[in-house]
Structure formats: C-alpha cells, structure tokens
Amino acid sequence: MKKSIVLVLFFFVALLQAQENVSYQTPHDNILELADAPAAPALRMDSKSDKMLFLYRSNFKSIAELSETEMRLGGLRINPVTNIGSRQNYYNNIKLRNGRNSDNVAVNGLPKDGRFAYFSFSPDETKVAFTNTTDTGVELWVLDFETATASKLTDAKINANMGSPFDWFNDNNSLLVKMLSNNRKPLIDTKTAVPTGPTISVSEKGVKAQNRTYQDLLKNPNDAQNFEQLATAQLYKVSLDGTKSKWKDDDMYTGISLSPDGKYIMVNTIQKPFSYIVTYGRFPSNTNIYDTKGNLVSAFLKVPLIEVLPKGRIAARTGKRNVSWRADKPATLYWVEALDGGNPAIDVAYRDEVFELAAPFNGKPNSLIKTKQRFAGIIWGNDNTAIAMDRWWNNRNMKTYVFNPSNSSETPKILWDRNYQDRYSDPGSFATKKNKFGRYSLELNGDDAYLIGAGYSKEGKFPFIDEINLKNNQTKRLYQSTETNKLENISDILDVKKGEILVRVESKNEFPNYYVKNIKRKKGLVPLTRFENPFKAIQNVHKEVINYKRDDGLDLSGELYLPTDYEKGKKYPLIVWAYPREYKDKSSASQSTSNPNQFTYPSYGSPIFWVTRGYVVLNNAAFPIIGEGNDEPNDSFRSQLVANGKAAIDAVNKLGYIDRDRVAVGGHSYGAFMVANLLSHSDLFAAGIARSGAYNRTLTPFGFQNEARSYWEAPEVYNTMSPFMHADKMKTPMLLIHGEADNNSGTYPLQSERYFNALKGHGAPSRLIMLPKESHGYRARESVMHLLWEQDQWLEEHVKNKPSVNTPNKILKD
C-alpha cells in the first residue's frame, strides 16, 4: 500500500514538472523599471518641417485587447466587430506644433480613450485626417492645424479591413473613403457551421506551384465567404462639413490613388476565384481608372490568380505590374513588364521594360527604359531626367540608371553598378522634394541632384550630402558629419540654397532628438524636439563597439555593454545576442555598421536589460554566413555559425570581463534557429534562449530565409541545418518561447512544439513557453513582462549560478 502511494505521488510530481500552470509574472524590479519606461511620442512633420504632430502611445497592448475577436483570412488578421486589422498599432493622444518655434499644444475635441491610426496630411498640409477605433467600429476624423481642433467626419462605419481606408481629394476639402457595405451578409461562425462538403485543391500535371509556407490562409468555402464580406466596401466622397455621397458601390477595394493633378482616380479591387495556397495579394485583381465623378475612364488591368510563379527569389509574373502614377506629370501611368517571362533562369539581355501612358489612357504606351536586372523602382525628376534602379538577388547586385523619359532612343547611363550589401561604398539616396503637384520628385538644380548618405566606413558612421552632376557623374561633397562623441543622422534636406538640413542627433545616453542645421553658415543646431532619456538607470552604462576576427581572418564586430555595477577584475557571465545574415562576398560581410554613440534603447526583445542584473552583454554580434562564387552561404552554415560564436566569446574573454564557462546565447526568429544550431553542434554555451524560431526545415520545403533551393534540390542542406534532426545531440539547457498565434511565414508555433517534444524525448534540458494570443513579435504587457521573467529565471539558474569549470577552450561537437 505504501509503495502504491509513493508511486502515485511520484507520478503527480512528474506531471507538475512536465506541465506547469503559471500565471503571468513580472520580472526583477531592475528590469521592470526599464521595460515600463514611458515611450517618447512619434513625430510626423510636413514637407517643410514647420507643422508637427506628436503622437503618444502606450508601450504595450493588453492581453484583453489581443483577446478581442479576430478572424484570420487570406493573410489578413481582422477584427470583424470594429472592421480594422486586429493587430493595428494605435496612438492614444495627439499634440501639435504649428511653426518650428511655437509651443506644443493639446488638440481640442479629441475623443476620450481614443485609438488613433492612419494619419495623412492634406495636399496643402494644413489638415490631417486620421481614424479613431471605437468598441463598435472605425470613425474618420480631421485635425485642423490653425485651430488645433479635431472633429469627427463619419460614424463608426469605416471599412479599414484592407488597409488605409481613405485618400484626400486635391481640393483639400474632401476625401474618398471606404465605408461598410449596406449589403453585408452575416458572417459564418466557422467553428460551429455544418460543412456542406469537403475542401478541394488541385495540382495539375507539370504545373509547379512552389510557394513558401504562408499562414492565415483561407481554409474552406466558409472562410472565403467571410473574407468577401469583410473585404467588401462602398466608396463615399466625404466633405469636411460631414456631408457624404456614394461614389462607387460594393466591391473588394484594396487601393485608391488620385493622380497628381487630382483629375483621375486609380482603384484596385480583388476578384474571384480566391485561393487556399496563397495570400490575398495574389488573388485576381482589377485596376480601373475613373474620373472624379466616378465615371469609368479605363479598365486598365486585369490580373489572374497567381498560384504559380517561376522558381527563384526574383521571379515575377507576366503582364503589367507595379502600376502607379508618375509623380512629375499631371496624369500619367507607368508600369513594368517582364521580358524574361518572369523567370530568373532564362538568360536575356534585359529583364524588365518600363512603359508609360498618359490620360485618357487609350493610346499606345511609350517605352521608357529596359533594365538589365529585375526592376526595383523609379525616382521621377522632370521631362528629361529620371532615376531607375534594378536588383539581382543571386549576386546581390544593384544598378542605378539616369535616363531621359522623353527620349527612349537615348541610351540610359549606369550611375552605379554595385553590391548592395557593401555599405562602405554606398553613394547614398537621392534627395526629393514636393513638386507643384504635391508629390515627391527628384530635387534638381539644372543637371545637379543631391545624395544623402549614411557614411559608413571602417572609422565609423559619418553621414554626408553630395551634389552629383548627372551628366558627368562627378560628385562634390557639400557636408559630412564630424561628430565623434554623438551620432548624427541626416533625415532630409529642407532648403538646399539656404543650406538647411534636418538632422537627428543622439548619443549612448542622450535620447534621439531632431534639429535644423545650417551647413553653410556653420550655426549651431536649432532644436525641434527635446525628448528626455527615459532609461536613467542605464544612462551611464559602459558601451563600446569591439572588433575581432574569426579563425579564418574575417573581421567581426559587436556592441559590448558592461554591468551597471561593474568592478574591474571581476569575472561576469556573458549574454551573446545575434541574428545570422547571408552574404556573397567576404568584404561586405566584414563591414561593421554598429556605432558606440547610438542611443541605448532596451526594447522588449533586447538583452540590454541584463546589464542591471550583473551580466556583460554582446548585442548585435556579427554572425555572417558567406557563400562566394557558386557556393551558397548555407552550404557551410553550421561551421560558420560555430566559428562566429567562438570568435565572439574569445574576443570578450580576451578583454578580461567574463567567465567563459558562463555564456548564454539568444536570438529571435532566424536568431532562434541560430541558437538551436549552436547548442546542438558546439559546447560553447551554458544555455540558450530561442524565441519564435523554426527548427525543422523540411516543413518549409520551397525555401526559407535567403535559401532559394528547395528541399528536393538540396536535401543535405535542409537536414544538416535543421536542429530537429539533431535533437539527440542537445545537452545544453534551452528556453523555447513562441507566440501561439505566430503568423510569420515559416515559423509556425508547431515548430517549437514539435522541437520541444523531440528534445524532451531525448532528455534534453528545455522549457517551452507558449504565449497566448501573441504573434511573431509580442505585444501585450502581460506577455512581455512574463517573457522577461522567464528569461531572467533561466539565465539566473543556468548561467549566472552555474559553477565554473575554468575550461580554457571549447570546440565543435561534430
């Protein structure tokens, strides 16, 4: 009898150990103080940086907000009660400043407990439209800068399920708005609805639909009906006095865009049939052009369902794509068409061709330019000047062209032909300014344009402004930052003739603030904002960028933080936090973009919190994975990963700060995948933290991250890289964390659940935390605080308080 009781008690204890019922916890006070620090307001400015909106928000949502009704359909997550994205970010208060030297003032008339989103300046920049989400729906509001007053334009009947629900007319007095349909049918409760038949998908012989692993797809006819009802809207013209008139009847509207002169409106709609294997962005669609009264001018484009594309990261569909308005013309459409059938495997001289067609959109299109690689965008200038870009993912190449849009027989000139991962040689981005149509176009002074560059180099980051002559490609440096104790970023050129630029200045303990700087008169900075540092507890923490080498000689770097209570000579535990990145050349992989003067900001996912708990932290440690020539980065993923980890630990250990037997490694998403591989294939670490990762690559068989090969093309790569396949080798404690509602492609919650089962089946020390209602990133305060608590407990048990064995070096397991 006594033996039976003992067995029952043992079984009960085992159950408690296997599965715990834990309520939401809060972390140590040192961490809690930082995590709960108030967020600085977001700043929105007009084109002259004269009118400013200060948008206030909470750091987190609540778990109650995340628990509101949510439907996951066609790649969208929708709240069917309020008719807006269920994961929408909101602001809860607004202040404004009308004039650079004016004071910030509160906005009159705002609703109590507002949830504000979708802010949009009017064409003349005197007003701002925005939405407010109530318990029952979405309202449209407008804010007047002159009176500092907000007023409601509509009842809570806006349809924001498909993104931004409105656009301004050019008269500054009215908006085109998506409203809920009066004909909406009741939504089907898919959990209780009785099926009328099976769900059937068909694969035709020889037709290869090699799609990645999308989430939140339509699953059955009931989902399809609900999607249609939620996507359907009616378009209304709403005036600032609140009057409204129907502009277009029921349709599944996605985008509405007025021509620069305001005389035409491009309307994009979704059509049937839907799909069970791709998201709504690849459903059939129509693009129609209307006049301002709603009369059809051109049925411009019909796109079929796109379930099948050629293989490759830069594959494209055939026909017109990327249809948009020329920013420098009153009403001219432009688009791109593939010349290679959208197939990267076909060898052709030119991949894409760009066309244009002016109103009334019924003539013969003009060819503007052919690009050697996949089209990547245009910056319009004037009748004779425009900038085009193309990209080729396979070799990380980018070309930038200057061309004459009025003369297609004039050969475009290639300004730059470069590796876009090479940050040190980046010439910068072209400056733009608002033109007479209120659209942003290339800022030109005769043949001269202007470049704003980040200014990365071996010596650090020193942003610059160059003047470039587009005829002879000669550049003249107008300005370069010389800050060595602070970090200066150039946000915009306000007035090139006066020499006024907008800069953001910060240091490791000074919160980023905006200033107007005159680069001609050498005057001091004129502050636009005065945000205070909310993280006083770590404002004096020691921070530096360390540079070190991998065993093969590759240059690496990381941001090193010492504990707030650091004592010289004492050995501390170390946390290495990283994210692997793929490169096609060693030169680009060795470049550092870390800066010791960047403000120390402990976001919810950051390891920086633990400097208050007695840890050295190496954040953003470089983990490059390189494959040069015909070799792909992932061909040697594991060995390079371990070499990166060893180099990081060796570098910090050489400085004398740490006990190398007490080192943790952590990462999120692909960083979590990194952690699992490091713990499986090395003895470098005492413990690991892996959040929202994928661990079995056979579940993402048509590519993952930057891997373009399928499982059947490179099975050894998939199996070698998958920690799930090597669960029997895991002996190091690992904390797995995942959002139960993760919608990121490839990182299904199932990945963590099955990996944990494999680890548990092999007796590996591990703990799985599934956060209710959370997606790929975590939003609720309750979830984030519990996350921090779990990580802190794990680190205290398995790293800080792990006995040191004074191991001089550690190597690969296999």
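Calculation criteria
- Residues numbered from 1 in each chain as written.
- Predicted model: local features only at pLDDT ≥ 70, side-chain atom pairs only at ≥ 80, totals over all residues.
- Heavy atoms only, no water.
- Pairing = 2+ DSSP bridges.
- Helix = DSSP H or I, 4+ residues; strand = E, 2+ residues; numbered from the N terminus.
- Axes fitted to C-alpha atoms, helices over the stretch in contact; angles between N-to-C directions.
- Buried < 20%, exposed > 50% of the residue type's maximum accessible area, 1.4 Å probe, protein only.
- Phe/Tyr/Trp six-rings, centres within 6.5 Å; stacked < 30°, edge-to-face > 60°.
- Lys NZ or Arg CZ within 6 Å of the ring centre and 35° of its normal.
- Expected span 1.5 Å × (residues − 1).
- Core = buried A, V, L, I, M, F, W, Y, C linked by side-chain atoms within 4.5 Å.
- Salt bridge = Lys/Arg side-chain N within 4 Å of Asp/Glu carboxyl O.

## Things to note about the sheet that holds strand S10 (residues 138-144)
Next up, step 1: Overall, antiparallel pairing links the four strands, which are arranged S8-S9-S10-S11 in an open sheet. This sheet does not close on itself; its edge strands, each paired only once, are strand S8 (116-121) and strand S11 (149-152). Between one strand axis and the next, the sheet turns by 25° as a mean value, whatever way the strands run.
Next up, step 2: Bridge analysis of S10 against S11 gives four bridges, and the strand direction is antiparallel. Paired with Asp144 across the two strands is Thr149, which belongs to S11.

## What to know about the pairing of strand S40 (residues 555-561)
Next up, step 1: The buried fraction of S40 amounts to six of the seven residues, a majority that puts the element mostly inside the structure.
Next up, step 2: Relative to S40, strand S39 (residues 543-549) runs antiparallel, the two being bridged by seven bridges. Following the sheet pairing, Val545 is matched in S40 by Glu559.
Next up, step 3: Hairpin geometry of S39 and S40 is characterised by an intervening segment of five residues between the two adjacent antiparallel strands and by a positive phi of about 95° at Gly553.
Next up, step 4: Across three bridges, the pairing between S40 and strand S43 (residues 616-621) is antiparallel. Within the sheet, the bridge partner assigned to Tyr561 lies in S43 and is Val617.

## Focus: the packing of aromatic side chains
Two numbers describe a pair of aromatic rings. These are the distance of the centres and the angle of the planes.
Next up, step 1: The full count for this structure, using the stated rule, is 36 aromatic pairs.
Next up, step 2: Ring geometry for Tyr711 against Trp712: centres 5.6 Å apart, planes inclined by 85°, an arrangement best described as edge-to-face.
Next up, step 3: Residue class for Trp712 comes out exposed when judged on its relative accessible area of 58%.
Next up, step 4: Members of the aromatic cluster, joined through ring pairs, are Tyr579, Phe637, Tyr670, Phe673, Phe702, Phe704, Tyr711, Trp712 and Tyr718.
Next up, step 5: Cation over ring: Lys237 sits above Phe169, and NZ or CZ is 4.8 Å from the ring centre.

## Considering helix H10 (residues 781-800)
Next up, step 1: The end-to-end C-alpha distance of H10, which contains 20 residues, comes to 26 Å, matching closely the 28 Å that a straight helix rising 1.5 Å per residue would cover.
Next up, step 2: Of all 20 residues in H10, 15 are buried; the element is thus mostly enclosed.

## Observations regarding the environment of Glu410
Next up, step 1: By the element assignment, Glu410 lies in the loop between strand S25 (397-403) and strand S26 (413-419).
Next up, step 2: Between the alpha carbons of Glu410 and Leu140 there is a distance of 48 Å; along the sequence they are 270 residues apart.

## Quick word on the nonpolar core
Next up, step 1: Of all hydrophobic cores here, the largest spans 57 residues; its most connected members are Tyr548, Val616, Leu618, Val652, Met734 and Tyr755.
Next up, step 2: One finds Tyr561, Ile689, Ile737 and Leu788 within the second-largest nonpolar core, a separate group that totals 43 residues.

## Quick word on the pairing of S8
Next up, step 1: Bridge count between S8 and strand S9 (residues 127-133): four bridges; the pairing is antiparallel. When the bridges of S9 are listed, Phe121 appears paired with Val128.

## Quick word on the pattern of salt bridges
Next up, step 1: Scanning the model with the defined rule gives 38 salt bridges in all.
Next up, step 2: Between Lys246 and Asp249 there is a salt bridge, with its nearest N and O atoms 3.7 Å apart.
Next up, step 3: Lys246 gets classed as partly exposed once you look at its relative accessible area, which sits at 42%.
Next up, step 4: Asp383 is the partner of Lys329 in a salt bridge, and the nearest nitrogen-oxygen pair spans 2.6 Å.

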